[in-house]
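The primary structure of each chain is shown beneath.
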Amino acid sequence: MIHFNTLAKAVVATVFALLAGASFAAVDVNKASQAELESVKSIGPAIAERIVDERQKATFKDWGDMIDRVKGVGPGNASKFSSQGLTVNGSAFSGAPAAAVTTPKKKAVEDTAAQAKKV
């Protein structure tokens, strides 16, 4: 026999789980209103408006298309927006911001340029 308290706790836990899942619903950039875009953490009114304006010209094909067309959205913001539930045509952002890499050859060129400035 299941105790009432155990059953009640299970029901409450299930309700909270459903509510938590609903609050993190995906927002597709090609379908969302400006208000829905603003509901994504880190997207303010200015970026939401730019997204809507660009989308009126043509829907976004993919994340790269959105990054190219919307000022203020680069790989870093795309990654952040995606982690908060934004999608483009149902897809999450799969790219990562490029890390600055200094190769030995690039370092030598930079050192040479720095030395030339001193002269």
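In short, a report on the structure.

A look at the overall build of the chain
So, step 1. Tallying secondary structure elements over the chain gives 6 helices and 2 strands in all.
So, step 2. Secondary structure elements of the chain, listed N to C terminal, follow the sequence α-β-α-α-α-α-β-α.
So, step 3. Within the span of the chain, comprising 119 residues, buried residues form 24% of the whole.
So, step 4. Sequence separation of at least 24 residues holds for 48% of the intrachain contacts in the chain that already meet a minimum separation of 6.
So, step 5. Total accessible area on the chain stands at roughly 8,400 Å², and carbon and sulfur atoms take up 61% of it.

Some remarks on the side chain of D65
So, step 1. Considering the arrangement of structural elements, one finds D65 in helix α4 (residues 63-69).
So, step 2. Engagement of the side chain of D65 in a polar contact is seen with the side chain of R69, the distance being 3.0 Å.
So, step 3. Leaving out residues up to four positions away in the same chain, D65 has contacts with T59 and F60.

Examining the environment of T87
So, step 1. Along the chain, the position of T87 falls in strand β2 (residues 86-87).
So, step 2. With 24 residues separating them along the chain, T87 and W63 place their C-alpha atoms 8.2 Å apart.
So, step 3. In this structure T87 touches A26, V27, D28, V29, W63 and A92, once residues within four positions along its chain are discounted.

Quick word on helix α3 (residues 45-57)
So, step 1. With 13 residues, α3 should cover 18 Å at 1.5 Å per step; its first-to-last C-alpha distance of 19 Å lies within 8% of that length.
So, step 2. Residues of α3 that are buried: I47, A48, I51, V52, E54 and R55. Considered in projection along α3, the buried side chains sweep an arc of 170° and stay on one side of the axis. When the buried face of α3 is taken as reference, the exposed residues oriented beyond 90 degrees from it are P45, Q56 and K57.
So, step 3. Elements in contact with the buried residues of α3: α2 (34-38), α4 and α5 (75-83).

With respect to the pattern of salt bridges
So, step 1. Summed over the entire model, instances satisfying the criterion amount to 3 salt bridges.
So, step 2. Its salt-bridge partner being E54, residue R69 comes within 3.2 Å of it at the nearest N-O pair. Residue R69 is located in helix α4, and its partner E54 is located in helix α3; the two are separated by 15 residues in the primary sequence.
So, step 3. Take R69: its relative accessible area is 22%, and that puts it in the partly exposed class.
So, step 4. In this structure, D65 engages R69 in a salt bridge whose closest nitrogen and oxygen atoms are separated by 3.0 Å. A residue pair is termed a helical-turn pair when its members lie 3 or 4 positions apart in one helix, as D65 and R69 do in helix α4 at 4 residues.

Side note on unusual backbone geometry
So, step 1. Of note in this structure, S42 is not a glycine but carries a positive phi near 85°.
So, step 2. Structurally, the position occupied by S42 is in the loop between α2 and α3.
So, step 3. For N89, which is not glycine, the phi torsion reads 55° and is therefore positive.
So, step 4. Relative to the assigned elements, N89 resides in the loop between β2 and α6 (104-118).

Basis of the calculations
- Residues numbered from 1 in each chain as written.
- Predicted model: local features only at pLDDT ≥ 70, side-chain atom pairs only at ≥ 80, totals over all residues.
- Heavy atoms only, no water.
- Helix = DSSP H or I, 4+ residues; strand = E, 2+ residues; numbered from the N terminus.
- Buried < 20%, exposed > 50% of the residue type's maximum accessible area, 1.4 Å probe, protein only.
- Contact = heavy atoms within 4.5 Å.
- Areas by Shrake-Rupley, 256 points an atom, 1.4 Å probe, with all protein chains shown as cover.
- Polar contact = N/O pair within 3.5 Å; in protein donor to acceptor, adjacent residues only side chain to side chain.
- Expected span 1.5 Å × (residues − 1).
- Arc of directions from axis to C-beta.
- Salt bridge = Lys/Arg side-chain N within 4 Å of Asp/Glu carboxyl O.

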